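The lines below spell out each chain.
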Amino acid sequence: MTSNIGQKPPLWRDDRFWRIAIQVLFVLVVIAVVAWLGSNLSRNIQQQAIKLGFDFLQDEAKFGIGDTPIPYKATDPYSYALLIGLANSLRVMVFGIILTTIVGITAGIASFSDNWLVSKLSLLYVEVVRNTPLLLQLLFWYFGVFFQLPKLSEKIQLPGSIFLSKRGIYIPWPPFTTQLFLWLVVLLVSAIAAVLIWQWRTKLMVEQAQSGQPQLIALIAIAIAAVLIIIIGFGWQRPQVLDTGNIEGGLRLTIEFFALLAGLVFYTGAFIAEIVRAGIQSVQKGQWEAARSLGLKSGLAMRLVIFPQALRVIIPSLNSQYMNLAKNSSLASAIGYPDIYSIAQTTFNQAGHEIEIIVVIIPLTYLTINLIISFVMNLLNRTVQLQER
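Residues numbered from 1 in each chain as written. Predicted model: local features only at pLDDT ≥ 70, side-chain atom pairs only at ≥ 80, totals over all residues. Heavy atoms only, no water.

J.: Teacher, can you tell me more about the overall build of the protein chain here?
T.: Regarding its fold elements, the protein chain presents eleven helices and six strands. For 389 residues, the compact-globule formula gives about 21 Å, and the C-alpha radius of gyration of the protein chain, at 27 Å, lies well above that figure. Here the C-alpha coordinates of the protein chain stretch approximately 110 × 80 × 45 Å along the principal axes. By residue count, 35% of the 389 residues in the protein chain fall in the buried class. For the protein chain, the centre of its 28 positive side-chain charges and the centre of its 20 negative side-chain charges are spaced 9 Å apart. (Helix = DSSP H or I, 4+ residues; strand = E, 2+ residues; numbered from the N terminus. Rg over C-alpha atoms; globule rule 2.2 N^0.38 Å. Buried < 20%, exposed > 50% of the residue type's maximum accessible area, 1.4 Å probe, protein only. Lys, Arg positive; Asp, Glu negative; His and termini not counted. Charge placed at Lys NZ, Arg CZ, Asp CG, Glu CD.)

In C-alpha cells, the structure reads:
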C-alpha cells in the first residue's frame with residue numbers, strides 16, 4: 001500500500017495558493033479599471049481639445065474670499081487663493097483637534113462621575129449629538145446661535161477687548177511679523193526640549209530611583225520662559241473701536257468659522273467621549289479597588305491611576321476621529337466658510353481645469369493632512385509606550 005504522507009496536495013486544493021491568487025487577481029482587476037479610466041479620460045481630453053497643465057495657477061483669481069487669515073486681494077493668483085483655502089482648513093483642523101480632545105475627554109470622564117446629574121448629562125450629550133446629522137448641527141450653530149448676534153453698531157463687548165457681532169468676533173492677537181515667527185521657533189524648540197527632559201526624568205526615576213528634582217526645575221524654568229514669551233514677546237494687539245464704528249486691530253474670526261468649529265468639535269467630541277469611556281472601562285476593576293484602598297477619592301483615582309492606564313487604549317483610536325474631523329470640515333461650504341474645497345470649486349468653475357484640481361490638488365492636500373495626523377498620533381502612541389516602560 002502506497003502511503004500519501006508527505007505528498008503535497010493538488011494546486012487547486014492548496015489554501016496558500018488561493019490566498020495569493022485572489023490577491024493577485026484583485027490587483028490585476030484594479031490595474032485594469034484604472035487603465036480603462038485613464039484611457040477614457042485621455043480620449044475625452046483629446047476629443048474636447050483640453051490642454052492639461054498647472055500654468056493657470058499663476059493667473060489672477062478675480063474673486064474675493066470672506067475669511068482670510070493672511071492678506072489677500074482679488075488680483076492675487078489662483079495658487080495664492082488655494083493657499084488661503086488650505087490655511088483656513090488647517091486653522092479649523094488644528095483648533096478643532098485641540099478643542100474636541102478636551103470636550104471628548106471631559107464628557108468621557110464625566111460619564112463615570114459619582115454625581116447622578118453630571119453622568120446623565122454626559123450620556124444625553126453623547127446620544128443626542130452622535131445620532132444627529134452633522135450638517136443639521138452646523139446649520140443650527142450658524143443660524144440658531146452665531147447668526148443671532150447683534151449688528152456691528154450694537155456689538156457686545158466682553159472683558160479683554162473682545163467684541164461680538166454678526167461681522168465677526170474680534171479678539172486680541174499678535175501681528176504676523178518676523179519677530180513672531182522667531183518666537184514661535186523658540187517655543188517649538190523649547191517644547192521639544194521639555195519632552196526630552198521629561199522622558200529623561202522619567203527614566204532616571206524609574207531605572208535609577210533618583211528624585212528627578214534638577215530636571216523638574218529645568219521644566220519649570222522652560223514653562224516660565226514660554227509664558228513670558230507668549231505674554232511679552234508676541235506683542236499682542238487689542239481690537240479698537242474707531243470713530244466710524246468699525247473695529248481694527250487684533251484678529252477677526254467670522255461667525256462661519258465659529259459655527260463650523262463648534263459643530264465639528266461637539267460632534268467629534270461625542271465619539272471621542274465613547275472612546276474615552278471604553279478606554280477607562282478596559283482598566284481592570286482591581287485598579288479601582290487598589291486606588292480606593294489607598295484612600296484616594298474618585299477624582300484622584302481617575303487622574304493618577306485609571307486614566308493613565310486607559311491612554312494605551314484611547315490614543316490609537318483617536319487617529320480615526322481626527323481624520324474624520326479633517327474630512328468633515330469639507331461641509332464648510334454649506335455655511336459659506338471658504339475652506340480648501342470651496343475655493344478649489346470656485347477655481348475650477350472659473351479656470352476650467354477640473355482635472356488638475358479634483359484629481360491632483362485636493363487629494364494631495366487631504367493626503368498630506370492625514371499623513372500629518374497619523375504621524376502625530378504615532379508619536380503620541382510611542383510616547384505612551386515609553387512612559388509605560
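J.: Please clarify how the environment of S330 should be interpreted in this entry.
T.: Residue placement: S330 occurs in the loop between α9 (298–328) and α10 (340–351). S330 gets classed as partly exposed once you look at its relative accessible area, which sits at 26%. Along the primary structure S330 and P214 are separated by 116 residues, whereas in three dimensions their C-alpha atoms are 48 Å apart.

J.: Got a minute to help me understand the pairing of strand β2 (residues 162–165) in this structure?
T.: The side chains of a regular strand alternate between the sheet's two faces. In this structure, strand β1 (residues 156–158) lies alongside β2, joined through three bridges in antiparallel fashion. The partner of Q157 across the bridge, within β2, is F163. Adjacent in sequence and paired antiparallel, β1 and β2 are bridged by three residues, among which G160 carries a positive phi angle near 85 degrees. Where β2 and strand β3 (residues 168–171) come together, three bridges link them in antiparallel fashion. Following the sheet pairing, F163 is matched in β3 by Y170. Turn length for the β2-β3 hairpin, with the two strands adjacent in sequence and antiparallel, is two residues. (Pairing = 2+ DSSP bridges.)

J.: Even after reading the chapter, I still don't get the environment of V227, so can you show me in this structure?
T.: Relative to the helices and strands, V227 resides in helix α6 (residues 213–233). By relative accessible area, V227 is classed as partly exposed at 46%. As a C-alpha pair, V227 and L187 span 40 residues in sequence and 9.7 Å in three-dimensional space.

J.: Would you explain the nonpolar core in this entry?
T.: Soluble globular proteins tend to pack their nonpolar side chains together in the buried interior. Counting residues in hydrophobic clusters, the biggest one holds 41 residues, and the most contacted among them are F63 and I280. Elements represented by at least two residues in this core include exactly α2 (78–110), α7 (255–282), α8 (285–293), α9, α10 and α11 (354–388). A per-element tally of this core places α9 first, with twelve residues. With sequence-adjacent residues up to four places away left out, I280 is seen in contact with I109, F112, W288, M302, I306, F307 and A310. (Core = buried A, V, L, I, M, F, W, Y, C linked by side-chain atoms within 4.5 Å. Contact = heavy atoms within 4.5 Å.)

J.: How should I be thinking about the sheet that holds β2 in this particular structure?
T.: Strand pairing within a sheet occurs via backbone hydrogen bonds; the two strands may be parallel or antiparallel. Pairing in this open sheet of four strands is antiparallel, and the strands run β1-β2-β3-β6 from one edge to the other. The open sheet has two edge strands, β1 and β6 (251–253), and neither has a second partner. On average, adjacent strands in this sheet sit at an angle of 20 degrees to one another, irrespective of strand direction. In this sheet, β6 lies alongside β3 in antiparallel orientation, the contact comprising three bridges. By the bridge assignment, Y170 is partnered in β6 with R252. Seen against the sheet, α7 touches β2, β3 and β6 and runs at an angle of roughly 60 degrees to β6. (Axes fitted to C-alpha atoms, helices over the stretch in contact; angles between N-to-C directions.)

J.: I tried to follow unusual backbone geometry on my own but got confused; where do I start?
T.: In terms of backbone geometry, most residues other than glycine have negative phi values and most peptide bonds are trans. Phi at K62 takes a positive value of approximately 60 degrees, unusual for a residue other than glycine. Looking at where K62 falls in the secondary structure, it is placed in the loop between α1 (15–48) and α2.

J.: Please clarify how the confidence of the model for the protein chain should be interpreted in this entry.
T.: When pLDDT is averaged along the protein chain, the result is 84; 95% of the residues meet or exceed 70. Model confidence for the protein chain, summarised as mean pLDDT per element, is weakest for α11 at 72 and strongest for α7 at 93. (pLDDT = per-residue confidence, 0-100.)

J.: Help me out: how do you make sense of the layout of surface pockets in this one?
T.: It is the rolling of a water-molecule-sized probe over the atoms that shows where space remains empty. In this structure, the largest pocket spans a volume of roughly 880 Å³. Surrounding the largest pocket, 21 residues form its lining, R91, F95, W173, F176 and L184 being those nearest its centre. The residue makeup of the lining of the largest pocket, split by class, is 20 nonpolar, no polar and one charged. (1 Å grid on protein atoms, 1.4 Å probe; cavity = no way out; pocket = protein on both sides within 12 Å on 5 of 7 lines; lining within 4 Å. Points joined across faces, edges and corners; volume = space filled by probe spheres on them. Nonpolar A, V, L, I, M, F, W, Y, C, P; charged D, E, K, R; others polar.)

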